[in-house]
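Structural characterization, general
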Amino acid sequence: MSWTELLEFDRKHIWHPYTSIIDPLPVYPVESANGVRIKLAGGQEVIDGMSSWWCAIHGYNHPALNAAAQAQLERMSHVMFGGLTHEPAVHLAGMLAGIVPKGLEKIFFCDSGSVSVEVALKMAIQYWRAMGREGKTRFLSLEKGYHGDTLGAMSVCDPVTGMHTLFSGYLNHNYFAPSPECAFDEPCRDMHLARVRDILRGHGHEIAAFILEPVVQGAGGMWFYSPAYLKEIRKLCREFEVLLIADEIATGFGRTGKLFACEHADISPDIICLGKALTGGYISLAATMCTATIASGICSSAPGVFMHGPTFMANPLACSLALASVKLLLGQNWKQRIRSIEQQMKKELEPCRSIPGVRDVRVLGAIGVMELDTEVNVAAAQKLFLEMNVWIRPFLNLIYIMPPYIIEPGDLSRLTQAMAVAAKSI
Ligand code: PMP
């Protein structure tokens, strides 16, 4: 089949993320990807500014990750995890327990970020049930929060942008606190916490956990909030006997300048969700980790087990890739790499503040964001970016980049220049 025919079939039969099957946005065929470059059919090479949605931190087609996948394929791609185990899972569990915020030593491997959120919510409910607190079955989360697209995850996403109206009648009723107004480098004041305190005081007895994205609210608006807020939330959760779930699916593995965003506030959650960059963007894998107290609590009363068990749980191929990806990250001076990406983005994006229509510019770690006054026309912006040989995909009123950590200064400048051009012409 020619690319014209393939695209025609794609248009008619295949759903892409959040698109219409009747009137889909254009998609561009990819032939291969290497380093920070994605090669489109026809040979055009574009610089990747997205890391395939936070995942491909080491770039594409990395020799060490390819070798890990190939070695594992020679042994086995998959075996069921019920009644069996394997080295990739055990080694990965050990490695993750050593690097996540302290105390999170029990791990549940699952397929995707959304599923790891479902697992976290179920852990919280089962834990309180085991403690004789059956009434604790609701959750508290943040406006502008995003935790995935499955039903439980959706029920803790922002109630306005998070599809609640569309699925009302089916989604659980949860509680929402305002998105923290204190920016990353601002202090957290009592007024920022007042609503959280009110909700916890009034409803703590029915709330199992507070789930949030630590420090960076991603898909809900690319907002960076004060670590001091997170520190206070940790205290409030203890005070009102509510578990804290940190969704580090997007922020984990160095993206914000710390290995995990919780480190900005020097806190440990009770449960953490990991995904995306876990396998360096090679294959889907996620994990939910919790403290020994929660794990033994869950298993200390009937039914005595944690009730979840996906078919592809701890897939050996995915675990080997995760192990190789985390080793690759830790084996280099990743902090310095992220810091230099951060400094360069700050220097090159800051002047864009003066472009009419640009409301805010913010940079944290290897995330650079330009917030506009109006919504971006995605199809037109994508076309414009491709004309500049870069791959940047805006959403809502945000043009943002989160490039692979291996990006060189020249390529990063091409991305920031393209953002400025787009802001001027949109
Ligand atoms: N939580 C956060 C913070 C995310 O950014 C995402 C993915 N965009 C998810 C959960 C859901 O992960 P997945 O798409 O792998 O289901």
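As shown above, the structure is provided for reference.
Figured I'd write up the structure that's included with this text. Because the structure is a prediction, the values reported are computed rather than measured. (Residues numbered from 1 in each chain as written. Predicted model: local features only at pLDDT ≥ 70, side-chain atom pairs only at ≥ 80, totals over all residues. Heavy atoms only, no water.)

On to the packing of helix α7 (residues 190-203) against helix α8 (residues 227-239). It is the contact of α7 with α8, at a shortest axis distance of 11 Å, that shows an interaxial angle of 20 degrees. Classified by the angle their axes make, α7 and α8 are roughly parallel. In this structure, α7 crosses over α8, and the sense of that crossing is right-handed. Residues His192, Leu193, Val196, Arg197 and Leu200 of α7 lie in contact with α8, whose contacting residues are Tyr229, Glu232, Ile233 and Leu236. Grouping the amino acids of the contact of α7 with α8 by side-chain chemistry returns 6 nonpolar, 1 polar and 2 charged. (Axes fitted to C-alpha atoms, helices over the stretch in contact; angles between N-to-C directions. Helix = DSSP H or I, 4+ residues; strand = E, 2+ residues; numbered from the N terminus. Parallel < 35°, antiparallel > 145°, perpendicular 65-115°, else oblique. Left-handed = near helix turned anticlockwise from the far one by under 90°. Contact = heavy atoms within 4.5 Å. Nonpolar A, V, L, I, M, F, W, Y, C, P; charged D, E, K, R; others polar.)

Locating Pro356 in the fold gives a position in the loop between α11 (334-349) and β13 (358-364). For the pair formed by Pro356 and Ala295, sequence separation is 61 residues and the distance between their alpha carbons is 53 Å.

For the coordinates displayed, the defined rule picks out 16 salt bridges. One salt bridge connects Arg133 with Glu241, and the closest N-O pair in it is separated by 3.6 Å. Here Glu241 lies in the loop between α8 and β10 (243-247) and Arg133 lies in the loop between α5 (113-130) and β5 (138-142), a separation of 108 residues in the sequence. Judged by relative accessible area, Arg133 falls into the partly exposed class, the value being 29%. Between Lys235 and Glu232 there is a salt bridge, with the nearest N and O atoms lying 3.1 Å from each other. Of this pair, Lys235 and Glu232 both sit in helix α8, 3 residues apart, which is roughly one turn of that helix. (Salt bridge = Lys/Arg side-chain N within 4 Å of Asp/Glu carboxyl O. Buried < 20%, exposed > 50% of the residue type's maximum accessible area, 1.4 Å probe, protein only.)

This part is about unusual backbone geometry. Between Ala302 and the following residue, Pro303, the backbone shows a cis peptide bond with an omega angle of 5 degrees. In this fold, Pro303 is placed in the loop between α9 (292-298) and α10 (316-330). Positioned with a positive phi, Phe253 is a non-glycine residue whose angle comes to about 65 degrees.

So, on to the environment of Glu342. Within the fold, Glu342 resides in helix α11. A C-alpha to C-alpha distance of 5.5 Å links Glu342 and Ala366, two positions 24 residues apart in sequence. If sequence neighbours within four positions are ignored, Glu342 has contacts with Val363, Leu364 and Gly365.

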